[in-house]
Amino acid sequence: MLIPEFPTQTHAFFWREITALRAAGVEVHIFSTRRPVEGCPHEWAERAAAETTYLFPPRLTSALLSPRDFPGMAQALTYVSKLSVDLKQKARALGMLACAVDFLHYARERKLDHIHGHSAADAAHVLAICRILGGPRYSFHLHGDLPVYGTDHAAKAWDATFVAAAARPMQRELIKDVGLPPERTYTLWMGVDTDRFSPPAQRTESPRGLHLVSIGRLHLCKGHVHTFAALRKALDRGLKVHLTLGGRGPHEQEIRQSIARFELRSHVDMVGPLGEAAVIDLLHRADGFVLSSIGLGEASPVAVMEAMACGVPPVCSIIGGTPDMISDGTDGLLVAQGDEEGLANAFLRLGQDAALRERMAGAARERAVRSFDYRETSRRLLEAIQVSRAPLHQAAWQGTSPRPDQAAA
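Asks: Could you clarify how one ought to interpret the packing of helix 1 (residues 12–23) against helix 15 (residues 374–389) in this entry?
Replies: The description of two packed helices rests on the angle between their axes and on the distance between the axes. At a minimum axis separation of 9 Å, helix 1 and helix 15 run at an interaxial angle of 70°. Taken as axis vectors, helix 1 and helix 15 run roughly perpendicular relative to one another. Residues R16, E17, A20 and L21 of helix 1 form the contact with helix 15, whose own contacting residues are Y374, R375, S378, L381 and L382. Each residue belonging to the contact of helix 1 with helix 15 can be placed in one class, and the counts come to 5 nonpolar, 1 polar and 3 charged.

Given below as structure tokens:
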């Protein structure tokens, strides 16, 4: 498995997937493009980093190729030369080529027979080039809208056994914009440990009123400013409410300024990056979860899955896979991107109707157990890999076992 800059705070679902695959008897080797710049707060982070092989910088021995590899190297150089990027990016791609050569050596040393990459960006180039050089079969996962992951997606997928998407809109992009045959694509969600992420025995009522939680990167694309504007509206209409904001990111200063601009310092608590245990504790004290993302990049947010597994109704913008994850009015509330009035009304509904909040909490938990458990989502990935290896995989899809994207419906 190839995961860029692993492990970081947002990589918990990758570790769950690895754990589930190993429990199913799969020998999983972990690779990453490079060491992460930021630390990882999760308790498994040290072990994960120790088990990970980093491809950059490549080993000096990676420059050594046998005569049998020369034709593949010529094809790899042609691959780089035909990329639709400028000279600076092509020079960067040559660095990817060196990493791919090193990856080829590792694959031969460890007798790897399939590589699954969790990125459609540069890591997918490394997979494609490694395959050109004679490496093992590969597949990769698209975790957001295509434009976020660079260019030349058809080249990246040239010989992939399949390309998975973390949400149905992304799968449609693979078919329409990249031109992949539908049978070479899947919608495969990431997963959550619904045993660990579960509702508390009793949820304590906050003396500060409705307790909303938002956990994620502190980035402008997460739409925090819309959450703050809606929170201000709800407060002005008499709702007693406060928000706990977890995470870190490049726009922390701008977010703090927005909190001050909306006069919310006494209503918003910023608690920084959180490990899994701290996330669970926070969700156990929450009445609602907020994701107000805008623009591109969001797929099927695992933070929303974790909240639903803990019986916390989500209030989400309609983005990526959220309409597939949430039944509006049943297990959560959906609003248009940037709709601050809609967010405010959702907060008021949750705050003023305890019975609705309780019904949604139960329905959210049921949906999470049914659709988001990491053991089931990992089984679907393993099934996709196994099916892709069958000589007549089209016939296999016609059997009793449904295609993974159909099973996720």
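Resuming the write-up.
Asks: I keep staring at the pattern of salt bridges and nothing clicks. Help me out?
Replies: Summed over the entire model, instances satisfying the criterion amount to 26 salt bridges. In this structure, D102 engages R59 in a salt bridge whose closest nitrogen and oxygen atoms are separated by 2.8 Å. Of this pair, D102 sits in helix 4 (residues 87–110) while R59 is found in the loop between strand 2 (52–54) and helix 3 (70–81), placing the two residues 43 residues apart along the sequence. On the basis of relative accessible area, R59 is assigned to the partly exposed category, the value being 27%. Close ionic contact of E341 with K233 constitutes a salt bridge, the shortest N to O distance being 3.7 Å. Pair noted here: E341 is in helix 13 (residues 340–352) and K233 is in helix 8 (residues 224–236), with a separation of 108 residues, a long-range link. By relative accessible area, E341 is classed as partly exposed at 33%. With relative accessibility at 29%, the residue K233 sits in the partly exposed group. One connected set of salt bridges, linked through shared partners, spans R16, E43, R196, E276 and E306.

Asks: Would you explain the packing of aromatic side chains in this entry?
Replies: How two aromatic rings sit relative to each other is given by the distance of their centres and the angle of their planes. In this structure the tally under the stated criterion is 7 aromatic pairs. Judged by centre distance (4.7 Å) and plane angle (45°), the rings of F31 and F103 are tilted. Placement of the pair is F31 in strand 1 (residues 30–32) and F103 in helix 4, with a sequence separation of 72 residues. We classify F103 as buried; its relative accessible area is 0%. Ring centres of F162 and Y186 lie 5.3 Å apart, and the angle between their planes is 80°; on these two criteria the pair is classed as edge-to-face. In this pair, F162 is assigned in the loop between helix 6 (153–156) and strand 5 (163–165) and Y186 in strand 6 (residues 185–187), connecting sequence segments 24 residues apart. F162 gets classed as buried once you look at its relative accessible area, which sits at 1%. Ring-pair connections join several aromatic residues into one group, and the members of that group are F6, W15 and W44. Over the ring of F56 we find R34, and its NZ or CZ is 4.6 Å from the ring centre.

Asks: Sorry, what's going on with the sheet that holds strand 12 (residues 333–335) here?
Replies: Either a parallel or an antiparallel arrangement is found when strands of a sheet pair, and the pairing is made through backbone hydrogen bonds. Strand order in this open sheet of 6 strands is 9-8-7-10-11-12, and the pairing throughout is parallel. Looking at the sheet topology across the chains shown, the edges are occupied by strand 9 (268–272) and strand 12. Pairwise comparison of adjacent strand axes, ignoring direction, gives a mean angle of 20° for this sheet. Relative to strand 11 (residues 314–317), strand 10 (residues 288–291) runs parallel, the two sharing 3 bridges. Within the sheet, the bridge partner assigned to V290 lies in strand 11 and is V315. Contacting strand 7 (210–215), strand 10, strand 11 and strand 12, helix 13 crosses the sheet at an angle of about 165° to strand 12.

Asks: It is not clear to me how unusual backbone geometry should be interpreted in this structure. Could you clarify?
Replies: Excluding glycine, a negative phi dihedral is what most residues carry, and trans is how most peptide bonds are arranged. Put simply, F6 and P7 share a cis peptide bond, and its omega is 0°. Its place among the elements puts P7 in the segment before helix 1. Cis geometry is found at the peptide bond from F56 to P57, where omega equals 0°. Along the chain, P57 turns up in the loop between strand 2 and helix 3. In the Ramachandran plot, D152 falls in the positive-phi region, its phi being about 60° despite a non-glycine side chain. For D152, the position within the fold is in the loop between strand 4 (137–142) and helix 6.

Analysis parameters
- Residues numbered from 1 in each chain as written.
- Predicted model: local features only at pLDDT ≥ 70, side-chain atom pairs only at ≥ 80, totals over all residues.
- Heavy atoms only, no water.
- Axes fitted to C-alpha atoms, helices over the stretch in contact; angles between N-to-C directions.
- Helix = DSSP H or I, 4+ residues; strand = E, 2+ residues; numbered from the N terminus.
- Parallel < 35°, antiparallel > 145°, perpendicular 65-115°, else oblique.
- Contact = heavy atoms within 4.5 Å.
- Nonpolar A, V, L, I, M, F, W, Y, C, P; charged D, E, K, R; others polar.
- Salt bridge = Lys/Arg side-chain N within 4 Å of Asp/Glu carboxyl O.
- Buried < 20%, exposed > 50% of the residue type's maximum accessible area, 1.4 Å probe, protein only.
- Phe/Tyr/Trp six-rings, centres within 6.5 Å; stacked < 30°, edge-to-face > 60°.
- Lys NZ or Arg CZ within 6 Å of the ring centre and 35° of its normal.
- Pairing = 2+ DSSP bridges.

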